[in-house]
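Now for the letters of each chain:
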Amino acid sequence: MNRLKWIKWIWIPLVVLAAIALQNWGEIEIATEKGTLYGTLAKADGRKDEVVVLIAGSGPTDRDNNSLILSGKMDGFLQLSHALNQEGYSVFRYDKRVAGKSRDSFGPHDMVFDDFVEDAILVVEEMQKNGYEKIHLVGHSQGALVAIRVAQEKAVASVTHLCGPSKHIDETFLRQLEILPKDLYEEAVEHFDTVRRGQEIGLVSEELEPYFSDRTAPFLLNWMSYDPVEEAKAVQAPILFLAGGQDTQILAEDLEDFQAVLENETYQVIPNMNHVLKSVQSDRENQATYQDPSFPLDPILVETLADFFSRT
């Protein structure tokens, strides 16, 4: 097998390295120092003072949870927005600075992980300007840590840590890379050590080029500095930790790391949900969901979120 094919189904955590109750849709622009974030506010009947903010995961991921590096679509956030609207919650979702319409505004630029946190803080402030007093953050994958960091800076009603890792990102990523040939795995270990020491990365095998370079090293180093469990301990708002029983990228066992330290939060494993929030019954379906939006959102996810929001 071509070794590049080994990479295809690995979660790519390095961004740069690569309606029934609906009232109306509103496009919102949020200015930052380096560009403009573009997003959609889907307003719903019911809870006029509440809004759910969806924070996307790693990679060039847009407001619908679709990635530029995949040929198809997932539409997980688009479906989640529709579903939460039907539960009476307004939802704001936005293109990350490296995706969708936002990407055209920012253009090529050097980034660190904290830039995503600052962007999300501006999003929260924009929602406050729009009159929302209760803001529920739902961070998916990489966005889970972003949401946790934002909640340390801004008063929010709740945080949902959705399919996010419990360990430092280098540990998480290396766990995913264990499917690679031994030489590639060992090279990845060396590159992380190099980043940690602040040294130049130098030559990188073709298969690992999307993940490691001297340009992206500052982003990695910044991201690697955060321990998700320790960061969660610093949050005052209620946290819902959700994992998918069919998630092959972030294991459900990661919840145990949080639960061992934060006993009073809410935890749930959704049995048939995979990493992109779809209900699947097999490995074939799991892979297909990354490029086929026809797969339905897991209904237990929506029920769980709506119940959690109503109690916070």
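Shown above is the structure to which this text applies.
Residues numbered from 1 in each chain as written. Predicted model: local features only at pLDDT ≥ 70, side-chain atom pairs only at ≥ 80, totals over all residues. Heavy atoms only, no water.

(A) Representation of the pairing of strand β3 (residues 50–55). Where burial is concerned, most of β3 is hidden: 6 out of the 6 residues are buried. The two faces of β3 match: Glu50, Val52 and Leu54 on one face and Val51, Val53 and Ile55 on the other face are all buried. Pairing geometry for β3 and strand β5 (residues 134–140), over 6 bridges, is parallel. Residue Val53 lies in a different strand from β5, and its bridge partner there is Leu137. For the handedness criterion, the β-α-β arrangement of β3, helix α2 (residues 76–86) and strand β4 (residues 90–94) is classed as right-handed. (Buried < 20%, exposed > 50% of the residue type's maximum accessible area, 1.4 Å probe, protein only. Helix = DSSP H or I, 4+ residues; strand = E, 2+ residues; numbered from the N terminus. Pairing = 2+ DSSP bridges. Right-handed = clockwise from strand over helix to strand, strands pointing away.)

(B) Structural view of the packing of helix α4 (residues 113–129) against helix α5 (residues 142–153). Interaxial distance between α4 and α5 falls to 9 Å at its minimum, and their mutual angle equals 60 degrees. Taken as axis vectors, α4 and α5 run oblique relative to one another. Regarding α4 and α5, the two cross each other, and that crossing is right-handed. Between α4, through Phe113, Phe116, Val117, Ala120, Ile121 and Val124, and α5, the contact on the second element is made entirely by Gln142, Leu145, Val146, Arg149, Val150 and Glu153. Its residues assigned to classes, the contact of α4 with α5 shows 9 nonpolar, 1 polar and 2 charged. (Axes fitted to C-alpha atoms, helices over the stretch in contact; angles between N-to-C directions. Parallel < 35°, antiparallel > 145°, perpendicular 65-115°, else oblique. Left-handed = near helix turned anticlockwise from the far one by under 90°. Contact = heavy atoms within 4.5 Å. Nonpolar A, V, L, I, M, F, W, Y, C, P; charged D, E, K, R; others polar.)

(C) Summary view of the environment of Gly164. One can find Gly164 in the loop between β6 (158–162) and α6 (169–176). We classify Gly164 as buried; its relative accessible area is 6%. Considered as a pair, Gly164 and Asp115 are 49 residues apart in the sequence and their alpha carbons are 18 Å apart. In contact with Gly164, not counting residues within four places along its chain, are Ser141, Ala144, Ile250 and Asp254.

(D) Expanded view of the pattern of salt bridges. Under the definition given, this model contains 15 salt bridges. One salt bridge connects Arg63 with Asp95, and the closest N-O pair in it is separated by 2.8 Å. Of the two residues, Arg63 sits in the loop between β3 and α2 while Asp95 sits in the loop between β4 and α3 (100–106), which places them 32 residues apart along the sequence. In this pair, the class of Arg63 matches that of Asp95, namely buried. With a shortest N-O distance of 3.0 Å, Asp307 and Arg311 are connected by a salt bridge. (Salt bridge = Lys/Arg side-chain N within 4 Å of Asp/Glu carboxyl O.)

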